[in-house]
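Architecture and fold: a report
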Amino acid sequence: MRHFLDIHKTAPNELRRIIDTGRAIKDARAGKPKGAVDADQPLKDHMVALIFEKPSTRTRVSFDVGVRQMGGQTMVLSGADMQLGHGETIADTARVLSRYVDLIMMRTFEEDTLLEMAEYATVPVINGLTNRTHPCQIMADILTFEEHNGPIRGRKVVWSGDGNNVFASFAHAAKQFEFDLVFTGPPPLDPEPALEGLYAIERDPHRAVDGADLVVTDTWVSMHDPQSARERRHNQLRGYQVNQRLMDHAKPDALFMHCLPAHRDDEATSEVMDGPNSVIFDEAENRLHAQKAIMKWCLEG
Ligand code: CP
Ligand code: NVA
């Protein structure tokens, strides 16, 4: 069974194949209307369940559109409306869903929920974000970087802000795709200890960004963070905002990324988000192409 649960759980050569496939899938569709089906139909006659226990715009729409373009059908399920939210075990849910669908994509809170789903499902399971990681996003980001600026191997990527779930998948990717990752942020919001060794720390954001090929940030308060932490986090992170002054330390052709949704003029200024180095909407588009490659890879297993 080929699940796509995390970047560090997928071999580098497989990850490379997925990125290259995503690029080819994208190229093959150039100029076609969004609703047109692909020439290649690996999901023909396949049913895909998209489970969301948290809100989503990009993940939901890009998976739904991607499945349809590849000839399959989807059902979008809200965790709250399923028996899963009312006491049925994850293991039983996984076994039941596996009798109806060919693929499961899940966005949830605890990583253990996803892992249990994968353990008991007899169809592939894809991680659509947990409190700990967001691998589909980073696959789209690698695709985006390479489309604009060539191979990511050996490049300098700087993350400014909260050491959160999206950062964690960047840290996993740094090892698998062999790029240098620098984290800059306040000590209370450091990445989880399990990621140590995958990145360097530089507390001074300007020094961190010196010579960067890519500058990345994300929301200061994630969906799993308590809203009560908002003011404290804003105070802790204000100095790590990605603004033009910070971007000026990066290489002139450095890219700026944000997985979105963004809180404009908090973690990044609109000047940077809408500026010439920003590729935020390409990242969003590439979720579609990268995830189609991920689904194809899962089903080939
Ligand atoms: N970047 C991302 O996963 O966006 P959504 O929360 O809208 O799916
Ligand atoms: N870190 C954010 C990413 C959203 C796509 C969150 O978990 O809310």
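Before going into details, it helps to say that this report is about the structure given with it.

**Observations regarding the packing of aromatic side chains**
- Under the definition given, this model contains seven aromatic pairs.
- When the centroid spacing of 5.4 Å and the interplanar angle of 70 degrees are considered together, the rings of Phe 167 and Phe 183 count as edge-to-face. Here Phe 167, found in helix 6 (residues 165–177), pairs with Phe 183, found in strand 6 (residues 180–184); they are 16 residues apart in sequence, far enough to count as distant. Like Phe 167, the residue Phe 183 is buried in the burial classification.
- Between the aromatic rings of Phe 167 and Tyr 199, the centroid separation amounts to 5.1 Å while the plane-to-plane angle is 90 degrees, which identifies the pairing as edge-to-face. Taken together, the residues Phe 167 in helix 6 and Tyr 199 in the loop between strand 6 and strand 7 (200–201) connect sequence positions 32 residues apart. Of the two residues, Phe 167 and Tyr 199, both sit in the buried class.
- The residue whose ring lies beneath Lys 54 is Phe 109, and the NZ or CZ to ring-centre distance is 4.8 Å.

**A look at the sheet that holds strand 1 (residues 47–52)**
- Pairing is parallel across the open sheet formed by four strands, whose spatial order is 2-1-3-4. Only two strands of the sheet have a single partner each, and these edge strands are strand 2 (73–78) and strand 4 (125–127). Between one strand and the next, the sheet's axes are offset by a mean angle of 20 degrees, whatever the strand orientation.
- Sheet topology places strand 3 (residues 103–107) next to strand 4; three bridges connect them, and they run parallel. Within the sheet, the bridge partner assigned to Met 105 lies in strand 4 and is Ile 126.

**Some remarks on the side chain of Thr 269**
- Position of Thr 269 among the secondary structure elements: in the loop between strand 9 (255–258) and helix 10 (270–273).
- By relative accessible area, Thr 269 is classed as buried at 12%.
- Not counting the four nearest positions on each side in its chain, Thr 269 is found in contact with Gln 241, Val 242, Asn 243 and Gln 244.

**A few points about the site of ligand 1**
- Around ligand 1 lies a shell formed by Ser 56, Thr 57, Arg 58, Thr 59, Arg 107, His 134, Gln 137, Cys 259, Leu 260 and Arg 287.
- One of the side-chain nitrogen or oxygen atoms of Arg 287 is found 3.0 Å away from an oxygen atom of ligand 1.
- Considered on its own, ligand 1 offers 260 Å² of accessible surface; in the complex 96% of this is hidden by protein.
- Here the residues of the shell around ligand 1 sort into two nonpolar, five polar and three charged.

**Details of the site of ligand 2**
- Taken together, the residues surrounding ligand 2 are Leu 129, Asn 164, Asn 165, Val 166, Asp 218, Thr 219, Ser 222, Met 223, Cys 259 and Leu 260.
- Between ligand 2 and the protein, one listed contact pairs a nitrogen atom with a side-chain N or O atom of Ser 222 at 2.7 Å.
- In the model, an oxygen atom of ligand 2 is placed 2.8 Å from a nitrogen or oxygen of the Met 223 main chain.
- For ligand 2, whose unbound accessible area comes to 270 Å², protein coverage reaches 95%.
- Of the pockets mapped on this structure, ligand 2 occupies the largest pocket.
- For the shell around ligand 2, the class distribution of residues is five nonpolar, four polar and one charged.

**Looking at the packing of helix 3 (residues 90–100) against helix 4 (residues 111–120)**
- Put simply, helix 3 and helix 4 touch, their axes get as near as 8 Å, and they point 45 degrees apart. Considering their axes alone, helix 3 and helix 4 lie oblique with respect to each other. Classified by chirality, the crossing of helix 4 by helix 3 is right-handed. Between helix 3 and helix 4, the residues in contact are Ile 90, Ala 91, Thr 93, Ala 94 and Arg 95 and Thr 113, Glu 116, Met 117 and Tyr 120, respectively.
- Considering only residue class, the contact of helix 3 with helix 4 consists of five nonpolar, two polar and two charged.

Thresholds applied
Residues numbered from 1 in each chain as written. Chains lettered and ligands numbered in written order. Predicted model: local features only at pLDDT ≥ 70, side-chain atom pairs only at ≥ 80, totals over all residues. Heavy atoms only, no water. Phe/Tyr/Trp six-rings, centres within 6.5 Å; stacked < 30°, edge-to-face > 60°. Helix = DSSP H or I, 4+ residues; strand = E, 2+ residues; numbered from the N terminus. Buried < 20%, exposed > 50% of the residue type's maximum accessible area, 1.4 Å probe, protein only. Lys NZ or Arg CZ within 6 Å of the ring centre and 35° of its normal. Pairing = 2+ DSSP bridges. Axes fitted to C-alpha atoms, helices over the stretch in contact; angles between N-to-C directions. Contact = heavy atoms within 4.5 Å. Near = heavy atom within 4 Å. Polar contact = N/O pair within 3.5 Å; in protein donor to acceptor, adjacent residues only side chain to side chain. Areas by Shrake-Rupley, 256 points an atom, 1.4 Å probe, with all protein chains shown as cover. Nonpolar A, V, L, I, M, F, W, Y, C, P; charged D, E, K, R; others polar. 1 Å grid on protein atoms, 1.4 Å probe; cavity = no way out; pocket = protein on both sides within 12 Å on 5 of 7 lines; lining within 4 Å. Sits in = over half its atoms within 2 Å of the grid points. Parallel < 35°, antiparallel > 145°, perpendicular 65-115°, else oblique. Left-handed = near helix turned anticlockwise from the far one by under 90°.

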